[in-house]
Amino acid sequence: VRLHAAGVGLLLLGGNHDSVATLRESSALLSVLSTHVYPAATAPESHVRVLPSRVAGQPGCIVCAIPFIRPRDVVTSEFGQSAQDRQQQLLAAIKQYYQSVYDAACAKRDELAQQTGQRLPIIATGHLTTVGASSSESVREIYVGTLDAFPTSEFPPVDYLALGHIHKPQKVGGHEHIRYCGSPITLSFDELGQNKQMLLVDLDESGLQSVTELPVPIFQPMMSLRGDLGYMTDALPRIAAQTEAGQTTWLEVTVTTDDYLADLPARIQKLVEGQPLEVLRIRRERGQTMAQLQDNSGVTLDELDPHDVFERRLGLEEGMDANLRGAITQRYRQVVDA
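Cut-offs and rules
- Residues numbered from 1 in each chain as written.
- Predicted model: local features only at pLDDT ≥ 70, side-chain atom pairs only at ≥ 80, totals over all residues.
- Heavy atoms only, no water.
- Axes fitted to C-alpha atoms, helices over the stretch in contact; angles between N-to-C directions.
- Helix = DSSP H or I, 4+ residues; strand = E, 2+ residues; numbered from the N terminus.
- Parallel < 35°, antiparallel > 145°, perpendicular 65-115°, else oblique.
- Left-handed = near helix turned anticlockwise from the far one by under 90°.
- Contact = heavy atoms within 4.5 Å.
- Nonpolar A, V, L, I, M, F, W, Y, C, P; charged D, E, K, R; others polar.
- Polar contact = N/O pair within 3.5 Å; in protein donor to acceptor, adjacent residues only side chain to side chain.
- Core = buried A, V, L, I, M, F, W, Y, C linked by side-chain atoms within 4.5 Å.
- Buried < 20%, exposed > 50% of the residue type's maximum accessible area, 1.4 Å probe, protein only.

Undergrad: Got a sec to walk through the packing of helix α9 (residues 306-314) against helix α10 (residues 322-337)? Specific residues and values, please.
TA: Put simply, α9 and α10 touch, their axes get as near as 11 Å, and they point 155° apart. Considering their axes alone, α9 and α10 lie roughly antiparallel with respect to each other. Viewed along their axes, α9 and α10 form a crossing whose handedness is right-handed. Listed contacts from α10 to P306, H307, F310, E311 and L314 of α9 are R325, I328, T329, Y332, R333, V336 and D337. Residue composition of the contact of α9 with α10, grouped by class: six nonpolar, two polar and four charged.

Undergrad: Run through the side chain of R70, naming residues and quoting values.
TA: By the secondary structure assignment, R70 is in the loop between β4 (59-64) and α4 (71-74). Here the side chain of R70 touches D18 through a polar contact of 3.0 Å, landing on its backbone oxygen.

Undergrad: Describe in detail the nonpolar core, supporting the description with residues and values.
TA: Counting residues in hydrophobic clusters, the biggest one holds 31 residues, and the most contacted among them are I122 and L163. Discounting residues that sit within four places of it in the chain, L163 has contacts with G126, L128, T130, F155, V172, I178, R179, Y180 and C181. Listed in part, the 15 residues of the second largest apolar core include L229, A240, I268 and V272.

See the structure below:
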């Protein structure tokens, strides 16, 4: 509401963790408040948005507002395709989708240029892994088995490319204009060493002028500890003493040597009783390899929409005739859409 009152346009872009249906529910209401929601990839021209400049009533830039692209939104699976074929098909489809949105943005830029005499810069967004990007354990692979990373050379020549999905702030491939700002808060313990930030990007008619990194303060202290129970007994009181008044330090504890103890969680919890400490995760060092082998999906139900769930379930049916599979899928979509 405050951004709307200040004349600032806000774009909300769906990611791979987000429910398309949930984002769509409030999109009409939010649009009244200058907030435009893009839950999924649809018609390319509908993803072109003109944002206002600081001068009231004047356009400032054109955005190719592209959210996370689900494979089913841009490709149709074909029977008998190899994994490599599917990968190449998806890569080509994503490239074509970006190009189509960019072409629509260029057409809009030309139209506005005739009216105002100004050449507006074009910004594109994306939610995907690119070649050369460095991720963390809280980043789930979004194209497992089909597309590992999208080449930066395949993006259209926009003035700035704002990417999401990777939590670590970084330039991509050394390009000043292609960046992940990263997550504004720490989302896993292996991100503790990162300096979280937001990016202030200045553009004008000639394109990108500067990118200013704005550090985000740490509001929630977190620590990761590794050692046996003797080490934990000594270390935890020290951490409690260093925690500022009114705050609670979140902990990840990896236990070595004593990790065979059945009552290990109870022992750890007893060590932090009455202290400004909260243990969020307890790891048994020798049990981690097995756990990683068993947890090979990394996807929870709230990240999937009904079509995703159906496709995963149908994928378990081996030897099903391709025509039957297509007919069932079509009928299911008709039922859900109705």
